[in-house]
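Analysis of the macromolecular model
Here are the chains, one letter per residue:
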Amino acid sequence: APLQAVTILPHGIVFKEVRMKKIILICLSIWIFSGLPGVATAGSDEAAIARTIMESAEAVTNFPQTKNYQKVFQFYTEDYSAIQDGVVATRKMTEQSYRELGEMLKDGMPMTTTAKVSNVRAVASSGMGWATYDTFIDVHSGELAMLKGDMKCTGLLRKVGSEWKIQHEHCSSTRDLSDKARKE
């Protein structure tokens, strides 16, 4: 079963349906961008790929504080696309979601985001690279758990100048952990 947003309405808090749908879409955008790599020798292309992915996850985690979507997107190519449990997203769609979320944060919406990456394996050859990795994402607005779960991801990267940029990611929820997350 695909990972879904976990909705808990503590203390009788009720969100308008339209706002909740928008928040869920924004959370999916964060989730898609949270998939990000660490087994390589220092200075190698594989290590650079791993750093790109790890720093991208850190930028996602820090977004509620920075409110600067450009710090997240500096790790992605202009033609970036992603697939998360069958949901396709382009860079343009994801940037728009981050802009809207940034505005909500500036208007005082409380939010914390945690994006963690582990078990990274990176490979590079002739300016192209790929990595497999596990990702955990946890997004809360106050006491409201909006998104929580684990994914298995594969990322395709391209060397642009001297930097590795993420061009495509494909992530799938892990069933046993996704079911657990929905119950919490």
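Data block above holds the structure.
First things first, this report covers the structure right here in the doc.

Remarks on the overall build of the chain
- The secondary structure content of the chain amounts to 5 helices and 6 strands.
- In the chain, the order of α-helices and β-strands from amino to carboxyl end is α-α-α-β-β-α-β-β-β-β-α.
- A total of 184 residues make up the chain; the buried ones form 47% of that total.
- If you sum the accessible surface of the chain, you get close to 9300 Å²; carbon and sulfur atoms cover 54% of it.

Quick look at the pairing of strand S6 (residues 163-173)
- The buried count for S6 comes to 8 of 11 residues, which makes it a mostly enclosed element.
- Direction of pairing for strand S1 (residues 76-84) relative to S6: parallel, over a ladder of 5 bridges. Paired with Tyr 76 across the strands is Ile 166, a residue of S6.
- One ladder, built from 10 bridges, connects strand S5 (residues 144-160) with S6; its direction is antiparallel. In the sheet register, Thr 154 faces S6, and the bridge partner there is His 170.
- Between the antiparallel neighbours S5 and S6 lie 2 residues, among them Gly 161 with a positive phi of about 65°.

Points about the pattern of salt bridges
- Taken as a whole and assessed by the stated rule, the structure comprises 7 salt bridges.
- For the salt bridge of Glu 95 with Arg 99, the shortest nitrogen-to-oxygen distance reads 3.7 Å. Taken together, the residues Glu 95 and Arg 99, both in helix H4 (residues 91-106) and 4 residues apart, mark about one turn of the helix.
- The salt bridge involving Glu 163 is made with Lys 165; its shortest N-O contact spans 3.3 Å.
- Residue class for Lys 165 comes out buried when judged on its relative accessible area of 15%.
- Shared partners join several salt bridges into a network, and the residues in it are Glu 78, Arg 91, Glu 95 and Arg 99.

Rules of the game
Residues numbered from 1 in each chain as written. Predicted model: local features only at pLDDT ≥ 70, side-chain atom pairs only at ≥ 80, totals over all residues. Heavy atoms only, no water. Helix = DSSP H or I, 4+ residues; strand = E, 2+ residues; numbered from the N terminus. Buried < 20%, exposed > 50% of the residue type's maximum accessible area, 1.4 Å probe, protein only. Areas by Shrake-Rupley, 256 points an atom, 1.4 Å probe, with all protein chains shown as cover. Pairing = 2+ DSSP bridges. Salt bridge = Lys/Arg side-chain N within 4 Å of Asp/Glu carboxyl O.

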